[in-house]
Amino acid sequence: YRTMRFPDGPAPELPPRFAGRPQLDNTRCTAECARCVEVCPTQAIRRDAATGQVRLDTGRCLFCRDCQTACAPGAIQPRSFTITTQSRPSPAIRTC
């Protein structure tokens, strides 16, 4: 693992295969379809039992795009973004 002082340091380089965060379009999902849930290797995609909507846990997601391949066209699309850095003030040092 490589560690860094982000966001205080430079933005990390993303691998070329990284397409972005998967964005789910629940209007294209049917109640009986669960292909994306079944193919997800980390169980990052789950169907909410109460609402029937598909939910994505980005903390578990590997961004492998298996869900995008398994689902109906347009149901899951990568949403690209840019990582930026910002300056933050140093925390105040308190003495006793």
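To keep things clear, this report deals only with the structure shown in the data block. (Residues numbered from 1 in each chain as written. Predicted model: local features only at pLDDT ≥ 70, side-chain atom pairs only at ≥ 80, totals over all residues. Heavy atoms only, no water.)

Some remarks on the overall build of the protein chain
- Each helix and strand in the protein chain was counted, giving two helices and four strands.
- Walking the protein chain from its N terminus toward its C terminus, one meets helices and strands in the order β-α-β-β-α-β.
- Long-range contacts, defined as pairs at least 24 residues apart, comprise 64% of the intrachain contacts of the protein chain with a sequence gap of at least 6.
- Summed over all atoms, the accessible surface of the protein chain reaches about 7,800 Å², with 50% contributed by carbon and sulfur. (Helix = DSSP H or I, 4+ residues; strand = E, 2+ residues; numbered from the N terminus. Contact = heavy atoms within 4.5 Å. Areas by Shrake-Rupley, 256 points an atom, 1.4 Å probe, with all protein chains shown as cover.)

Things to note about empty space enclosed by the protein
- Counting across every chain of the model gives two cavities of 30 Å³ or more.
- The calculated volume of the largest cavity comes to roughly 80 Å³.
- Lining the largest cavity are 14 residues, and of these C40, C61, L62, C64 and C67 lie nearest its centre.
- Of the residues in the lining of the largest cavity, the class split is eleven nonpolar, one polar and two charged.
- In this model, the second largest cavity occupies a volume close to 60 Å³. (1 Å grid on protein atoms, 1.4 Å probe; cavity = no way out; pocket = protein on both sides within 12 Å on 5 of 7 lines; lining within 4 Å. Points joined across faces, edges and corners; volume = space filled by probe spheres on them. Nonpolar A, V, L, I, M, F, W, Y, C, P; charged D, E, K, R; others polar.)

Here we look at unusual backbone geometry
- Despite not being glycine, Q43 shows a phi value in the positive range, around 60°.
- Summarising the element assignment, Q43 is placed in the loop between α1 (35-39) and β2 (45-47).
- One non-glycine residue, R65, adopts positive backbone phi at about 75°.
- On the secondary structure map, R65 appears in the loop between β3 (54-56) and α2 (66-70).

Focus on the nonpolar core
- One finds C36, C40, A44, I45, V54, L56, C61, C67, C71, A75 and I76 forming the largest nonpolar core, which totals eleven residues.
- Sequence-distant contacts of L56, that is, excluding residues within four places in its chain, are made with R21, P22, L24, A44, I45 and C61. (Core = buried A, V, L, I, M, F, W, Y, C linked by side-chain atoms within 4.5 Å. Buried < 20%, exposed > 50% of the residue type's maximum accessible area, 1.4 Å probe, protein only.)

Things to note about the environment of D66
- Relative to the helices and strands, D66 resides in helix α2.
- Placed 26 residues apart in sequence, D66 and C40 show a C-alpha to C-alpha distance of 6.6 Å.
- Residues contacting D66, with those up to four places away along its chain left out, are V39 and P41.

With respect to the state of the cysteines
- Under the counting rule described, the total for this entry stands at zero disulfides.
- No disulfide involves C33; its sulfur sits 5.6 Å from the nearest other cysteine sulfur, which is in C71.
- The exposure class assigned to C33 is partly exposed, which follows from its relative accessible area of 22%.
- C71 gets classed as buried once you look at its relative accessible area, which sits at 11%. (Disulfide = S-S within 2.5 Å.)

Considering the pattern of salt bridges
- By the definition in use, this model includes one salt bridge.
- A salt bridge links D25 to R28; the shortest N-O distance between them is 3.2 Å.
- Accessibility expressed as a relative area gives 25% for D25, which makes it partly exposed. (Salt bridge = Lys/Arg side-chain N within 4 Å of Asp/Glu carboxyl O.)

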